[in-house]
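A look at the structure
These are the residues of each chain, in order.
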Amino acid sequence: MAIEVNQYSLASYYIDVMRNDIKLSNATCFFTKIDDQLYLITNWHVVSGQNADTLLSLSDTCAIPNKLRVYLPKAKDNTLEYSNLYYVDVAIRDEDDNALWYDKRKDDRMIDVAVLPCNIDDDFCCLSIEDAEEPFNEGVTCDIASEIYIIGFPFADDYGYTPIWKKASVASEPEIDINGFPYFFADTATRQGMSGSPVVLFENRPVTIFNQKEQKISRHFTKFIGIYSGRIGANSESRNDAQLGRVWKAQVIKEIIDESKGEISE
């Protein structure tokens with residue numbers, strides 16, 4: 001009996017954050033494809049090992065990660081199969097410990113998004129976040145109080161390699177930057193392993209749309225809207241954990257890539 005899995009569940013991936021062969025932490029990532037180049041997307045604090053606001057080390061030992069172990073499924077007999085043996089190690093630093101990812105700084109803080117050019121072997125199934133979106137959703141927008149989902153791994157790999165969908169709502173005006181930074185607030189409670197998760201709008205359509213000529217069908221309003229990077233105030237006595245998370249806007253990814261290409265060409 002075939003099991004139907006939502007495309008967005010197939011586009012969010014569990015990662016171990018490593019220093020050589022030592023696991024430092026775990027997080028979530030996803031992929032985007034622009035101009036035939038595949039990019040791994042996660043948070044800057046995941047790959048750097050530093051707090052994006054303070055630039056202080058997140059580790060008591062000041063350990064610096066140098067690779068991500070990404071767990072991806074393989075196609076077996078027309079089905080997708082996950083295993084703790086199915087992974088690719090993606091370098092995030094070269095032999096001299098220079099960063100291989102693209103990022104962006106604003107004033108004395110980092111935009112908490114990392115964009116890493118990569119290639120994935122054809123043996124693995126890797127679905128980009130764009131390909132997970134249903135058709136006929138080009139005009140879908142995200143508004144204040146919209147219901148959204150953070151798709152990641154709050155319990156590491158304890159429950160396998162398909163992600164958990166954590167419901168949230170848009171808690172600040174999504175078109176307005178917070179203190180000049182391109183993110184908005186989401187009202188939700190999450191755990192550390194969801195850093196780097198894709199955030200999507202996902203609602204049932206009142207009527208299913210079907211294009212017989214193109215053989216395309218859409219049962220939901222869907223839209224990729226950003227990258228989750230954790231709650232604010234979770235460890236702050238002054239803010240008392242308001243259960244507000246940051247969602248960095250989807251447009252940040254292309255901005256980082258465009259700026260990095262400009263730096264490379266120069």
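In the block above lies the structure referred to throughout.
The text that follows walks through the structure, step by step, so that each part is easy to find. This structure is a prediction, so every number in the text was calculated from the model and none was measured. (Residues numbered from 1 in each chain as written. Predicted model: local features only at pLDDT ≥ 70, side-chain atom pairs only at ≥ 80, totals over all residues. Heavy atoms only, no water.)

**Section: the pattern of salt bridges**
Going through the model one piece at a time under the given rule, you end up with 14 salt bridges. Where Glu 255 meets Lys 104, a salt bridge forms, and the shortest distance between an N and an O atom there is 3.4 Å. Taken together, the residues Glu 255 in helix H3 (residues 251–265) and Lys 104 in the loop between strand S7 (87–91) and strand S8 (105–106) connect sequence positions 151 residues apart. A salt bridge links Glu 147 to Lys 167; the nearest nitrogen and oxygen atoms lie 3.9 Å apart. Of the two residues, Glu 147 sits in strand S11 (residues 147–152) while Lys 167 sits in strand S12 (residues 164–170), which places them 20 residues apart along the sequence. A single network of salt bridges, built from pairs that share partners, joins Asp 21, Lys 67, Arg 69 and Asp 89. (Salt bridge = Lys/Arg side-chain N within 4 Å of Asp/Glu carboxyl O. Helix = DSSP H or I, 4+ residues; strand = E, 2+ residues; numbered from the N terminus.)

**Quick notes on unusual backbone geometry**
Residue Leu 55 is not a glycine yet carries a positive backbone phi of 65°. In this structure, Leu 55 sits in the loop between helix H1 (44–48) and strand S4 (67–71). Residues other than glycine seldom take positive phi values, yet Asn 78 does so here, at roughly 65°.

**Some words on the sheet that holds strand S14 (residues 198–211)**
As summarised here, the arrangement of the six strands in space is S11-S12-S13-S16-S15-S14, forming a closed barrel in which the pairing is antiparallel. Taken pair by pair, the neighbouring strands of this sheet meet at an average axis angle of 45°, ignoring direction. Bridge count for S11 against S14 is three bridges, and the pairing is antiparallel. Pairing of Ile 150 across the sheet is with Val 199, part of S14. (Pairing = 2+ DSSP bridges. Axes fitted to C-alpha atoms, helices over the stretch in contact; angles between N-to-C directions.)

**Notes on the side chain of Ser 229**
With respect to the helices and strands, the residue Ser 229 is situated in strand S15 (residues 216–232). The exposure class of Ser 229 is buried, given its relative accessible area of 11%. In this structure the side chain of Ser 229 is engaged in a polar contact, spanning 2.8 Å, whose partner is the side chain of Trp 248. (Buried < 20%, exposed > 50% of the residue type's maximum accessible area, 1.4 Å probe, protein only. Polar contact = N/O pair within 3.5 Å; in protein donor to acceptor, adjacent residues only side chain to side chain.)

**Some words on a nonpolar patch on the surface**
Together, Phe 155, Tyr 159 and Ile 164 make up an exposed nonpolar region whose accessible area comes to about 330 Å². On the secondary structure map, Phe 155 appears in the loop between S11 and S12. (Patch = residues over 30% accessible without salt bridge, like charges linked within 9 Å, V, L, I, M, F, W, Y side chains within 5 Å. Areas by Shrake-Rupley, 256 points an atom, 1.4 Å probe, with all protein chains shown as cover.)

**Some words on the packing of aromatic side chains**
For the structure on display, the rule yields 15 aromatic pairs. Through pairs of rings, three or more aromatic residues link up here, namely Tyr 14, Tyr 71, Tyr 87, Phe 153 and Tyr 161. Directly above the ring of Phe 181 sits Lys 106, whose terminal nitrogen or CZ lies 5.9 Å from the centroid. Note that Arg 109 overlies the ring of Phe 181, its terminal NZ or CZ placed 4.0 Å from the centroid. (Phe/Tyr/Trp six-rings, centres within 6.5 Å; stacked < 30°, edge-to-face > 60°. Lys NZ or Arg CZ within 6 Å of the ring centre and 35° of its normal.)

**Structural notes on the side chain of Asn 137**
Structurally, the position occupied by Asn 137 is in the loop between helix H2 (129–132) and S11. When neighbours within four sequence positions are excluded, Asn 137 is seen to be in contact with Arg 205, Ser 218, His 220, Phe 221, Thr 222 and Lys 223. (Contact = heavy atoms within 4.5 Å.)

**Notes on the sheet that holds strand S2 (residues 22–34)**
Strand pairing in a sheet relies on backbone hydrogen bonds. The paired strands run either parallel or antiparallel. The strand order S7-S4-S1-S2-S3-S10 describes an open sheet built from six strands, whose pairing is antiparallel. Two strands close off the open sheet at either side, each with one partner strand: S7 and strand S10 (114–118). Shown here is a sheet whose adjacent strand axes are inclined to one another by a mean of 35°, direction ignored.

**Considerations on the nonpolar core**
Where a protein is soluble and globular, its nonpolar side chains tend to be buried together. Counting 56 residues, the largest nonpolar core has Phe 31, Leu 68, Val 70, Val 113 and Val 115 as its most contacted members. No other element matches S2, which puts five residues into this core. Residues in contact with Leu 68, not counting those within four places in the same chain, are Ile 15, Asp 16, Val 17, Leu 40, Thr 42, Val 46, Val 47, Val 88, Asp 89, Val 90 and Ile 92. Counting 14 residues, the second largest nonpolar core, distinct from the first, contains Ile 148, Ile 150, Ala 168 and Ala 186. (Core = buried A, V, L, I, M, F, W, Y, C linked by side-chain atoms within 4.5 Å.)

**A short note on the pairing of S4**
Counting buried positions along S4 gives five out of five residues, so the element sits mostly inside the fold. Of the two faces of S4, both are covered, the one formed by Lys 67, Arg 69 and Tyr 71 as well as the one formed by Leu 68 and Val 70. Pairing geometry for strand S1 (residues 13–19) and S4, over four bridges, is antiparallel. Each bridged residue has a counterpart across the sheet, and for Ile 15 the counterpart in S4 is Val 70. Taken together, the five bridges between S4 and S7 define a ladder with antiparallel strand orientation. Residue pairing across strands places Leu 68 opposite Val 90, the latter belonging to S7.

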